[in-house]
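# Fold and contact review
One letter stands for each residue in the lines below.
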Amino acid sequence: PALHQQRHQFVINFVKMKKPKMVADLGCNDCKLLKQLKFHREIELLVGVDINGDVIKKKMRGLAPLSANYLQPTCDQLCVELYQGSVTQRDARLRGFHLVTCIELIEHLTLTDLDHFTAVVFGYMTPLSVIISTPNSEYNALLPGLSGFRHRDHKFEWNRAEFRSWALKVCLKYSYKVEFTGVGEAPLGMQDSVGFCSQIGVFYRLEGCTGCNVLPFSDEEDVSPYTLLYSVKY
Ligand code: SAM
């Protein structure tokens with residue numbers, strides 16, 4: 001399968017295993033991942049956020065229930081919400097999720113915005129788990145015809161050591177632990193020296209292991225700068 005599908009499949013496998021009830025996809029683009037996630041009935045609230053409202057709007061109606069969902073309702077309920085907004089800004093509606101996914105998002109942020117993103121996601125949204133994927137620059141030498149970054153909008157591409165050092169700092173500051181993995185394997189014999197094409201960090205909040213997602217900042221003022229573009233209840 002294509003690399004973007006492998007990244008989405010990684011998230012789907014995680015969802016099957018951990019059964020998060022509230023999932024937010026940051027940088028959801030045209031909602032491709034969300035459309036696959038809506039079939040996982042443990043999820044009760046599925047939220048997508050992207051700074052580009054037009055790209056969300058293009059295909060968001062594909063998230064509507066199929067007529068079969070009305071004719072044969074399951075006892076589960078699902079609510080889907082899509083927002084136009086920036087991950088550098090806090091929005092109270094995104095707090096306390098079980099899983100937040102950021103697939104090929106962080107490399108589109110300047111390093112200043114990356115700091116804001118980190119504070120928003122790990123310090124304010126405080127989800128139980130976070131999946132972050134980003135290009136592994138060590139793999140670039142294996143990509144034919146590539147000079148420079150993989151995409152002209154990328155602000156950086158990190159090697160494994162750089163991603164690791166950023167992730168470990170995030171963990172120390174915000175009380176998370178992280179496991180490193182990836183998708184897109186290098187050819188046999190090069191796997192250790194090069195690593196995966198997309199590197200992935202799976203973060204878990206340390207004090208959140210009891211299953212009940214307690215919010216530490218209940219005295220925060222209510223902020224909701226994101227614009228709701230679409231909302232549907234199954
Ligand atoms: N996550 C999708 C995937 O798995 O294919 C799309 C990744 S796409 C390479 C990066 C997305 O991040 C784009 O849709 C872009 O509009 C969005 N984005 C960039 N900066 C953002 C920001 N500050 N806040 C929210 N979304 C942002």
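Use the structure listed above.
It should be emphasised that the depicted structure is a prediction, and the values quoted were computed from it without experimental measurement.

We now examine the site of the ligand. Lining the immediate surroundings of the ligand are 14 residues, of which His8, Gly27, Asn29, Asp50 and Ile103 lie closest. Here Gly27 contributes a backbone N or O atom positioned 2.8 Å from a nitrogen atom of the ligand. Note that a nitrogen atom of the ligand is positioned 2.9 Å from one of the backbone N or O atoms of Ile103. Given that more than half its atoms are within 2 Å of the pocket grid, the ligand belongs to the largest pocket.

With the rule as written, the count across this model stands at 11 aromatic pairs. Between Phe122 and Tyr176, the ring centres sit 4.9 Å apart and the planes meet at 90 degrees, which makes this aromatic pair edge-to-face. On the criterion of sequence distance, the pair formed by Phe122 in helix α5 (residues 111-125) and Tyr176 in strand β6 (residues 176-183) is long-range, its members being 54 residues apart. This pair shows no difference in class: Phe122 is buried, exactly as Tyr176 is. An aromatic cluster of three or more residues is present, and its members are Phe122, Phe156, Trp158, Phe163, Trp166, Tyr174, Tyr176, Phe180 and Phe203. Over the face of the ring belonging to Tyr124 we find Arg95, whose NZ or CZ atom lies 4.5 Å from the ring centre.

Before going further, it helps to spend a moment on α5. Along an α-helix, a turn takes 3.6 residues, which lines up residues three or four apart on a common side. Between its first and last C-alpha, α5 extends 20 Å over 15 residues, near the 21 Å set by a 1.5 Å rise per residue. Leu114, Phe117, Thr118, Val120, Val121, Phe122, Gly123, Tyr124 and Met125 are the residues of α5 that are buried. Each element contacted by the buried residues of α5 is listed here: β1 (22-26), β4 (99-103), β5 (129-135), α6 (160-174), β6 and β7 (198-205). At the C-terminal side of α5, Thr126 shows a positive phi close to 40 degrees.

Moving on to the nonpolar core. Among the nonpolar cores identified, the biggest contains 36 residues, and Leu26, Phe117, Ile132, Trp166 and Phe203 are the most heavily contacted of them. Among the secondary structure elements, those contributing two or more residues to this core are β1, β2 (45-50), β3 (79-84), β4, α5, β5, α6 and β6. Ranked by residue count, the leading element in this core is α5, at 7 residues. Excluding its chain neighbours within four sequence positions, the residues that come into contact with Phe117 are Leu26, Val87, Thr88, Cys102, Leu105, Ile106, Leu109, Ile132 and Trp166. Formed by 28 residues, the second largest nonpolar core is a distinct cluster that contains Phe10, Leu82, Leu99 and Tyr230.

With 16 residues, helix α1 (residues 3-18) extends 23 Å from end C-alpha to end C-alpha; this agrees with the ideal 22 Å at 1.5 Å per step. Restricting attention to buried positions, one finds in α1 the residues Arg7, His8, Phe10, Val11, Ile12, Phe14 and Val15. Residues of α1 that are buried in the fold lie against α2 (32-37), β4, β5, β6 and β7. Directly beyond the C-terminal end of α1, a positive phi value near 50 degrees is found at Lys19.

Definitions and limits used
Throughout this document, residue positions are counted from 1 along each chain, in the order its sequence is written. A pLDDT threshold of at least 70 governs which residues receive local features in this predicted model, and a stricter bar of 80 or more applies before side-chain atom pairs are shown or counted, although totals over entire chains, interfaces and linings include all residues. Water and hydrogen atoms play no part in the side-chain values, which are based on all heavy atoms of the structure. Note on terminology: near, applied to a residue and a molecule or strand, indicates that one of the residue's heavy atoms is within 4 Å of it. Here a polar contact is taken to be a pair of N or O atoms separated by no more than 3.5 Å, where protein atoms must pair a possible hydrogen donor with a possible acceptor and residues adjacent in sequence count only if both atoms sit in side chains. For cavity detection a 1 Å grid was placed over the protein atoms alone, and a set of points counts as a cavity when a 1.4 Å probe fits there but cannot get out; an open set counts as a pocket when protein lies on both sides within 12 Å along at least five of seven lines, with lining residues being those that have an atom within 4 Å of a point. Just a note on the criterion: a molecule sits in a pocket or cavity if more than half of its atoms are within 2 Å of the grid points. The criterion for an aromatic pair is that two Phe, Tyr or Trp rings (for Trp, the six-membered ring) have centres within 6.5 Å, with stacked assigned to planes under 30 degrees apart, edge-to-face to planes over 60 apart and tilted to the rest. Each helix corresponds to a stretch of at least 4 residues labelled H or I by DSSP, and each strand to a stretch of at least 2 residues labelled E; elements are numbered beginning at the N terminus. Three labels apply to residues, based on accessible area from a 1.4 Å probe with only protein chains included: buried if under 20% of the type maximum, exposed if over 50%, partly exposed otherwise in between. Placement of a positive charge over a ring is assigned whenever Lys NZ or Arg CZ falls within 6 Å of the ring centre and within 35 degrees of the normal to the ring plane. One less than the number of residues in a helix, times 1.5 Å, gives the span that helix is expected to have. Any two residues whose heavy atoms approach within 4.5 Å at even a single point are treated as in contact. Buried Ala, Val, Leu, Ile, Met, Phe, Trp, Tyr and Cys residues that are joined via side-chain atoms within 4.5 Å together make up what is termed a nonpolar core.

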